[in-house]
Amino acid sequence: MLQVIKMDKILEDTYLFDFYGELLTEHQRSIYRDIVLEDLSLGEAADEYNVSRQAIYDIVKRCRKTLLGYEEKLHLINRFLKIRELTGEIIQISEKIEESGSEDSEIGKIRELAMLITEEL
């Protein structure tokens, strides 16, 4: 499970596919996309690929395990989500500065967040 933000399985699977899907074989990528992203049933995919439902299930399960392994090693999704969170904070602070006109009190926090973002990259 991704650590930065608890998310539902569909969103997690989408991120995994977006970040690491190209590392799967074309066959794996196609089946995983059909089942997970296109929401085909196991039976529909089995008919399309001319294999058993169990074969489709096993491929999807292996693909998910492989994609989770990539994230465990590379942490690209967690880094992306953390950066998105930090930039959201910067936007909120900058909006407060803009509304209040008092730049001095918040500018240090903006600088700190920008440095954290740089470290995350």
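J.: Help me out: how do you make sense of the layout of surface pockets in this one?
T.: To find the voids left in a structure, one rolls a probe of water-molecule size over its atoms. The computed volume of the largest pocket comes to approximately 210 Å³. Contributing to the lining of the largest pocket are Lys9, Ile10, Asp13, Ile35, Val36, Asp39, Leu42, Tyr57, Val60, Lys61 and Arg64. At the level of secondary structure, the elements contributing two or more residues to the lining of the largest pocket comprise helix H1 (9-20), helix H2 (26-37) and helix H4 (53-74). At four residues, the largest contribution of residues to the lining of the largest pocket is made by H4. In terms of residue class, the lining of the largest pocket is built from six nonpolar, no polar and five charged.

J.: For this particular structure, what's the right way to read the pattern of salt bridges?
T.: Between side chains of opposite charge, pairing is possible as soon as their charged atoms come close. Within this structure, the stated rule accounts for five salt bridges. For the salt bridge of arginine 64 with glutamate 12, the shortest nitrogen-to-oxygen distance reads 2.5 Å. Here glutamate 12 lies in helix H1 and arginine 64 lies in helix H4, a separation of 52 residues in the sequence. In this structure arginine 64 comes out as buried when scored by relative accessible area, which is 17%. Connected via shared salt-bridge partners are Lys9, Glu12, Asp13 and Arg64.

What counts and what doesn't
Residues numbered from 1 in each chain as written. Predicted model: local features only at pLDDT ≥ 70, side-chain atom pairs only at ≥ 80, totals over all residues. Heavy atoms only, no water. 1 Å grid on protein atoms, 1.4 Å probe; cavity = no way out; pocket = protein on both sides within 12 Å on 5 of 7 lines; lining within 4 Å. Points joined across faces, edges and corners; volume = space filled by probe spheres on them. Helix = DSSP H or I, 4+ residues; strand = E, 2+ residues; numbered from the N terminus. Nonpolar A, V, L, I, M, F, W, Y, C, P; charged D, E, K, R; others polar. Salt bridge = Lys/Arg side-chain N within 4 Å of Asp/Glu carboxyl O. Buried < 20%, exposed > 50% of the residue type's maximum accessible area, 1.4 Å probe, protein only.

Scope: geometric values only; no functional claims are made or implied.
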